[in-house]
Amino acid sequence: MRSTWQSKAGRSPLQALYESDQFEQSSLQAVHQQRREMLSNVCSRYTRKRRLLQPDDLRHLVVDDTHGLLYCYVPKVACTNWKRVMMVLTGQGKYKDPLEIPAHEAHVPSNLRTLSEYSVPEINSRLRSYLKFVFVREPLERLVSAYRNKFTLSYNTAFHKRYGTKIIRRHRHQPSERALERGDDVRFEEFVYYLLDPRTQQEGPFNEHWERVHSLCHPCIIHYDVVGKYETLAEDANYILQLVGADTSVKFPASSKTTRTTDDMTAQFFQDISPFYQRRLFNLYKMDYLLFNYSIPSYLRIR
């Protein structure tokens, strides 16, 4: 099936972005062009050698063959709502309203296809012709959001068992038997020590909730047409849905969360982290800061 994107445009996504009458004067278009240029410049400065993509690199790229769309999902950057929207777009009428889809259902792997499931020729064809987009967020705010969600909520027992117990065992002086068994009271400081511990990196990639965006979505290998930002979520989401000719009834869910992690809240978490560890943590996420043009947070004491 030819995608809506291809049939409407008949040319590559970037050509269509530049040539489309509908968006020619759009200030949003200029913003997204600027973001692509920034990404390209940082990639050319810091990436010496282009490597080939492996199937494992494509597990986060969700495919919509109906609209010719590839979405690289990043946990803690509105990815539940984007997966819901993708289920509406790919569901052949099965779903009408993204918010009617339970959050847990949006994360069931079989509900959405990822690019890693396709053959090499099919992968290359989609990377060439589909509209590719990713959403990013201020890196340390995203990190604190992940910590709050995975380590401070009582229902996340799987994370407490798998990561919490290990973090407490390695990074708490004289932990109690209860803490070692349950792992449900990890302090943010201990989480930071865990991320910076050489053993953690030797054990394999980070969990996707705190993995760097450049490691999840490979923006120096995959050329994204749109880099959306959490800070401009609503307008960027609507822009993408318009670009691919999605039905006007498909709306990106409005954010109503009052518990979301803010910049001020993030600053509070870093009050007790020493400048030494602040700098090391910033360096860990530095590529995401550079690639997506985020400033060093004012609350960090690393200058």
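First things first, this report covers the structure right here in the doc. These numbers come from a predicted model, not from an experiment.

## Side note on the sheet that holds strand E3 (residues 131-136)
Right, so step 1: Pairing is mixed across the open sheet formed by four strands, whose spatial order is E1-E2-E3-E4. Where the open sheet ends on each side, the last strands, each with one partner, are strand E1 (61-64) and strand E4 (226-229). For this sheet the average axis-to-axis angle between neighbouring strands, irrespective of direction, equals 25°.
Right, so step 2: Bridge count between E3 and E4: four bridges; the pairing is parallel. Bridge assignment links valine 136 to a residue of E4, and that residue is lysine 229.
Right, so step 3: Strand contacts of helix H13 (residues 233-243): strand E2 (69-72), E3 and E4, with the helix running at about 170° to E3, the strand carrying the most contacts.

## Regarding the environment of valine 136
Right, so step 1: Locating valine 136 in the fold gives a position in strand E3.
Right, so step 2: With 94 residues separating them in the primary sequence, valine 136 and tyrosine 230 have C-alpha atoms 6.0 Å apart.
Right, so step 3: With sequence-adjacent residues up to four places away left out, valine 136 is seen in contact with Val77, Val213, Val227, Gly228, Lys229, Tyr230, Glu231, Phe292 and Tyr294.

## Description of the state of the cysteines
Right, so step 1: With the rule as written, the count across this model stands at two disulfides.
Right, so step 2: Residue pairing for cysteine 43: its cysteine sulfur links by disulfide to cysteine 220, the two sulfurs lying 2.0 Å apart. Disulfide cysteine 43-cysteine 220: torsion about the S-S bond near -85°, hence left-handed. Taken together, the residues span a long stretch of sequence, with cysteine 43 in helix H3 (residues 27-46) and cysteine 220 in the loop between helix H12 (213-217) and E4 at a distance of 177 residues. Cysteine 220 shares its class with cysteine 43; the two are buried.
Right, so step 3: Note that cysteine 72 is cross-linked by a disulfide to cysteine 217, the S-S spacing being 2.0 Å. Judged by the sign of its S-S torsion, about -90°, the bond between cysteine 72 and cysteine 217 is left-handed.

## Quick notes on the side chain of glutamate 211
Right, so step 1: Among the structural elements, glutamate 211 can be located in the loop between helix H11 (198-202) and H12.
Right, so step 2: Side-chain polar atoms of glutamate 211 contact the side chain of arginine 212, separated by 2.8 Å.
Right, so step 3: Not counting chain neighbours up to four residues away, the residues in contact with glutamate 211 comprise Arg142, Pro205, Phe206 and Leu216.

Rules of the game
- Residues numbered from 1 in each chain as written.
- Predicted model: local features only at pLDDT ≥ 70, side-chain atom pairs only at ≥ 80, totals over all residues.
- Heavy atoms only, no water.
- Pairing = 2+ DSSP bridges.
- Helix = DSSP H or I, 4+ residues; strand = E, 2+ residues; numbered from the N terminus.
- Axes fitted to C-alpha atoms, helices over the stretch in contact; angles between N-to-C directions.
- Contact = heavy atoms within 4.5 Å.
- Disulfide = S-S within 2.5 Å.
- Buried < 20%, exposed > 50% of the residue type's maximum accessible area, 1.4 Å probe, protein only.
- Polar contact = N/O pair within 3.5 Å; in protein donor to acceptor, adjacent residues only side chain to side chain.

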